[in-house]
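Below are the chains, spelled out letter by letter.
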Amino acid sequence: MASQFITFEGGEGSGKSSQINLLKSKLIDKGIDVVCTREPGGTPSAEILRELVTTGEVNKWEPMTEALLMFASRHEHTKNLIIPSLENGKWVLCDRFYHSTYAYQGLGHGLGLEAMEALKKISIGEIEPDLVFFLDIDPMDGIKRTMGRHTNEDRFEKMDISFHTKLRDAFLGFSETYSENSVVINASQEINKISDIIFEEIEKRFKI
Ligand code: TMP
């Protein structure tokens, strides 16, 4: 069976990691070899960059530095984990990919999509996900969900609500430009219901 590269995008607290874990078990039950990974991060070097951008004060980086760090991490991750896994016939489930940089740094921080597209081209070339799930949630509800988490990776969550609202609009916009290879899911639904919708979509598209 051909390998597939599936990414999960959405605002804070949209439930991406829970859905990735549920999907992983369902794919394993079908005999599929799965690699679950995340961005920023996913390899030891990329995880070092993750810590730099996800912790500390909101204003600690210039927006462009932040974007460069995201793509630096993505370069490491794509070259050393994503591409080799796909070449070995594995399915890769990735918690965020370049659409997050387009949303957070491109539209959230206002760097613009043209600049982000240029960075993408230089750092990871033409690679595209086979399918993107956009988990859509009201930013207020999403942020509330993250409140109970005990983590110091809260730099983006601390950004104001107008920033998070821009992200939601950005992701919904990308789902339209990427419509053939993406699905928007209402992430305020019950967790198993969302997982069923995701799995049905995958069964249908990839004929598993
Ligand atoms: P996570 O909490 O979903 O693991 O993601 C870590 C944070 O990094 C999250 O707040 C979103 C942010 N982020 C960006 O700003 N740009 C990116 O390109 C990526 C991948 C994540």
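Look a little higher up for the structure.
The residue count restarts for each chain, going from 1 along the sequence in the order it is written. Given that this is a predicted model, residues contribute local features only at a pLDDT of at least 70 and side-chain atom pairs are listed and counted only at 80 or more, while totals for whole chains, interfaces and linings are drawn from all residues. Heavy atoms from the whole structure form the basis of all side-chain values; hydrogens and water molecules are not counted.

Draft legend 1. Fine view of the overall build of the protein. Looking only at helices and strands, one finds eight helices and five strands in the protein. Think of it this way: any DSSP run of H or I at least four residues long counts as a helix, any run of E at least two long counts as a strand, and we number them from the N terminus. The linear arrangement of helices and strands in the protein, starting from the amino end, is β-α-β-α-α-β-α-α-β-α-α-β-α. A compact globule built from 208 residues would reach a C-alpha radius of gyration of about 17 Å, and the protein, at 16 Å, matches this within 12%. Of all 208 residues assigned to the protein, the portion counted as buried reaches 49%. Excluding contacts between residues fewer than 6 apart, the proportion of contacts in the protein whose partners are at least 24 apart in sequence is 79%. When the accessible surface of the protein is split by element, carbon and sulfur atoms take 51% of a total near 10,000 Å². Counting 24 positive and 33 negative side-chain charges, the protein places the averaged centre of each group 2 Å from the other. Just to be clear, the radius of gyration here is over C-alpha atoms, and the globule rule we use is 2.2 Å times residues to the power 0.38. Exposure classes here rest on a 1.4 Å probe applied to the protein chains alone. A residue is buried below 20% of its type maximum, exposed above 50%, and partly exposed in between. In this analysis, two residues are considered to be in contact whenever any of their non-hydrogen atoms come within 4.5 Å of each other. Note on areas: these come from Shrake-Rupley sampling with a 1.4 Å probe, and a residue is covered only by the protein chains present in the view. For the purpose of counting charges, residues Lys and Arg are taken to be positive, whereas Asp and Glu are taken to be negative. His and the chain ends are not included. Here the site of a charge means NZ on Lys, CZ on Arg, CG on Asp, or CD on Glu.

Draft legend 2. Main features of the packing of aromatic side chains. Here the aromatic set is Phe, Tyr and Trp, taking the six-membered ring for Trp, and pairing holds for ring centres within 6.5 Å; pairs whose planes are under 30 degrees apart are stacked, those over 60 apart are edge-to-face, and all others are tilted. Taken as a whole, this structure holds eleven aromatic pairs when the rule is applied. Between the aromatic rings of Y104 and F156, the centroid separation amounts to 5.5 Å while the plane-to-plane angle is 90°, which identifies the pairing as edge-to-face. Of this pair, Y104 sits in helix α4 (residues 98-108) while F156 is found in the loop between α6 (139-146) and α7 (161-177), placing the two residues 52 residues apart along the sequence. Across the pair, exposure class does not vary: Y104 and F156 are buried alike. Members of the aromatic cluster, connected to one another through ring pairs, are F5, F97, Y98, Y102, Y104, F134, F156, F163, F171 and F174.

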